[in-house]
Amino acid sequence: MSKVAVVFWSGTGNTQAMADLVAEGAREAGAEVDVIGAGDFDSDKLGAYDAVAFGCPAMGDEELEDVEFEPMYDEVEPALGDKKVVLFGSFDWNDGEWMDIWRERAEGAGVNVITTVIARDHPDGEAENACRDAGAQLA
């Protein structure tokens, strides 16, 4: 059985809803899953997991949240190795470019990004299914 961490930051609850759906998909596929707030995760905890999903909404001008999430991600990214990684998050304006930027950054650092999922505001039926599928891919 694989062990999956779903690590997220959410300001309005939309990305948290996505985190719960990713976790649901991984559990349904047979994984043991921990859902963890960004402030409670670091590279010391990374070794306990086979795969990780990171969730952060678009902030400011299509950026990651920079007080709690991005410092954690900056610290963890170099330690990810070949672990399977999913990136996900919600947005409310622009076109979701922050996810493209984030994925390019991660892949440029050698992260094994298997998929990304975005939702405009609260996840709808299509985004809900995509979150569950992403979780299943991590399992």
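Residues numbered from 1 in each chain as written. Predicted model: local features only at pLDDT ≥ 70, side-chain atom pairs only at ≥ 80, totals over all residues. Heavy atoms only, no water.

**Things to note about the nonpolar core**
No. 1: If you look at the biggest cluster of nonpolar residues, it comprises 27 residues, and the most contacted ones within it are Phe41, Phe54, Phe69, Met72, Tyr73, Leu87 and Trp102.
No. 2: Leaving out residues up to four positions away in the same chain, Tyr73 has contacts with Phe54, Trp102, Arg105, Ala106 and Val111.
No. 3: Counting 21 residues, the second-largest nonpolar core is a separate cluster that includes Val6, Val33, Ala127 and Cys131. (Core = buried A, V, L, I, M, F, W, Y, C linked by side-chain atoms within 4.5 Å. Buried < 20%, exposed > 50% of the residue type's maximum accessible area, 1.4 Å probe, protein only. Contact = heavy atoms within 4.5 Å.)

**Regarding helix α1 (residues 14-28)**
No. 1: Relative to the 21 Å expected for 15 residues at 1.5 Å per residue, α1 spans 21 Å between its end C-alpha atoms, a close match to the ideal helical length.
No. 2: Those residues of α1 that fall on the buried side of the exposure criterion are Asn14, Thr15, Ala17, Met18, Ala19, Leu21, Val22, Ala23, Gly25 and Ala26.
No. 3: Tucked into the core, α1 has its buried residues touching β1 (3-8), β2 (32-37), β3 (51-55), β4 (84-91), β5 (112-120) and α5 (125-138).
No. 4: Taken from the residues just after α1, Gly30 is the one with a positive phi, measuring 105°. (Helix = DSSP H or I, 4+ residues; strand = E, 2+ residues; numbered from the N terminus. Expected span 1.5 Å × (residues − 1).)

**Overview of the packing of aromatic side chains**
No. 1: Enumeration according to the criterion identifies seven aromatic pairs in this entry.
No. 2: Ring plane angle 75° and centroid distance 6.5 Å describe the contact between Phe41 and Phe54, whose orientation is recorded as edge-to-face. Within this pair, whereas Phe41 is found in the loop between β2 and α2 (43-46), its partner Phe54 is found in strand β3, the two being separated by 13 residues in sequence.
No. 3: With a centroid separation of 5.7 Å and 85° between ring planes, the pair formed by Tyr73 and Trp102 is classed as edge-to-face. Of this pair, Tyr73 sits in helix α3 (residues 69-76) while Trp102 sits in helix α4 (residues 97-108), and the two are 29 residues apart along the sequence. (Phe/Tyr/Trp six-rings, centres within 6.5 Å; stacked < 30°, edge-to-face > 60°.)

**Description of the pairing of β1**
No. 1: With five of its six residues buried, β1 lies for the most part within the structure.
No. 2: The sheet contact formed by β1 and β2 spans six bridges and is parallel. When the sheet's bridge partners are listed, Val7 is paired in β2 with Ile36.
No. 3: Chirality of the crossover, the property in question, places the unit of β1, α1 and β2 among those that are right-handed.
No. 4: Relative to β3, β1 is paired through five bridges, and the arrangement is parallel. Following the sheet pairing, Phe8 is matched in β3 by Gly55. (Pairing = 2+ DSSP bridges. Right-handed = clockwise from strand over helix to strand, strands pointing away.)

**Notes on the pattern of salt bridges**
No. 1: Taken as a whole and assessed by the stated rule, the structure comprises seven salt bridges.
No. 2: The shortest N-O distance in the salt bridge between Lys3 and Glu32 comes to 3.7 Å. On the criterion of sequence distance, the pair formed by Lys3 in strand β1 and Glu32 in strand β2 is long-range, its members being 29 residues apart.
No. 3: Its relative accessible area of 23% is what places Lys3 among the partly exposed residues.
No. 4: Each of Glu70, Asp74, Glu77 and Arg105 takes part in salt bridges that share partners, so that together they form one network. (Salt bridge = Lys/Arg side-chain N within 4 Å of Asp/Glu carboxyl O.)

**Details of α4**
No. 1: The end-to-end C-alpha distance of α4 is 17 Å, a good match for the 16 Å that 12 residues give at a rise of 1.5 Å each.
No. 2: Every buried residue of α4 is accounted for by Trp98, Met99, Trp102 and Ala106. Buried residues along α4 cover an arc of 95° about the axis, so they all sit on one side. Among the exposed residues of α4, those pointing more than 90 degrees away from its buried face are Glu104 and Gly108.
No. 3: Where α4 is buried, its residues touch β3, α3, β4 and β5.
No. 4: Count one or two residues on from α4 and you reach Gly110, which has phi positive near 90°. (Arc of directions from axis to C-beta.)

Worth remembering: the numbers are spatial, not functional.
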